[in-house]
Amino acid sequence: MTLEDGRWKARCTIGGKPTFLGAFGSEEEAARACDRMTLWSCKAGGKEKEEVLLNFPLSEYSDDE
């Protein structure tokens, strides 16, 4: 979703609550922010990374993300 100034808004659902992640210069940056938050949420919640749906392949992210 784009904002009035042309930036892309990133948001995802964490613990059943919508969470705003920020505004980004490109659609890809916003999508990757969502992926990183999803991966962080998995790590914090003890889920396996392979169980989540990402915008980009899991292999494109380091274990630290």
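Residues numbered from 1 in each chain as written. Predicted model: local features only at pLDDT ≥ 70, side-chain atom pairs only at ≥ 80, totals over all residues. Heavy atoms only, no water.

(A) Examining the state of the cysteines more closely. For the coordinates displayed, the defined rule picks out 0 disulfides. Considering cysteine sulfurs only, C12 is the nearest to C34, which forms no disulfide, with 5.4 Å between them. A relative accessible area of 14% places C34 in the buried class. (Disulfide = S-S within 2.5 Å. Buried < 20%, exposed > 50% of the residue type's maximum accessible area, 1.4 Å probe, protein only.)

(B) Highlighting the pairing of strand β2 (residues 17-24). As paired strands, strand β1 (residues 8-14) and β2 are joined by 7 bridges and run antiparallel to one another. Bridging across to β2, A10 finds its partner in G22. Between β1 and β2, which follow one another and run antiparallel, lie 2 residues, and G15 among them has a positive phi close to 60°. (Pairing = 2+ DSSP bridges. Helix = DSSP H or I, 4+ residues; strand = E, 2+ residues; numbered from the N terminus.)

(C) How the structure looks around the packing of aromatic side chains. Scanning all chains against the criterion turns up 0 aromatic pairs. Here the guanidinium or amino end of R32 rests over the ring plane of F56, the centre of that ring lying 3.9 Å away. (Phe/Tyr/Trp six-rings, centres within 6.5 Å; stacked < 30°, edge-to-face > 60°. Lys NZ or Arg CZ within 6 Å of the ring centre and 35° of its normal.)

(D) Looking closely at the pattern of salt bridges. All told, the structure shown has 3 salt bridges when counted by the stated rule. Here R32 and E28 are joined by a salt bridge, their closest N and O atoms 2.9 Å apart. Remark: E28 and R32 occur in helix α1 (residues 27-45); sequence separation between them is 4 residues, near one turn of the helix. Owing to a relative accessible area of 44%, E28 belongs among the partly exposed residues under this scheme. Note that E60 is salt-bridged to R32, the shortest N-O span being 2.7 Å. (Salt bridge = Lys/Arg side-chain N within 4 Å of Asp/Glu carboxyl O.)

(E) Structural context of α1. With 19 residues, α1 extends 27 Å between its outermost C-alpha atoms, agreeing within 8% with the 27 Å of an ideal straight helix rising 1.5 Å per residue. Burial in α1 covers these residues: A30, A31, R32, A33, C34, D35, L39 and C42. (Expected span 1.5 Å × (residues − 1).)

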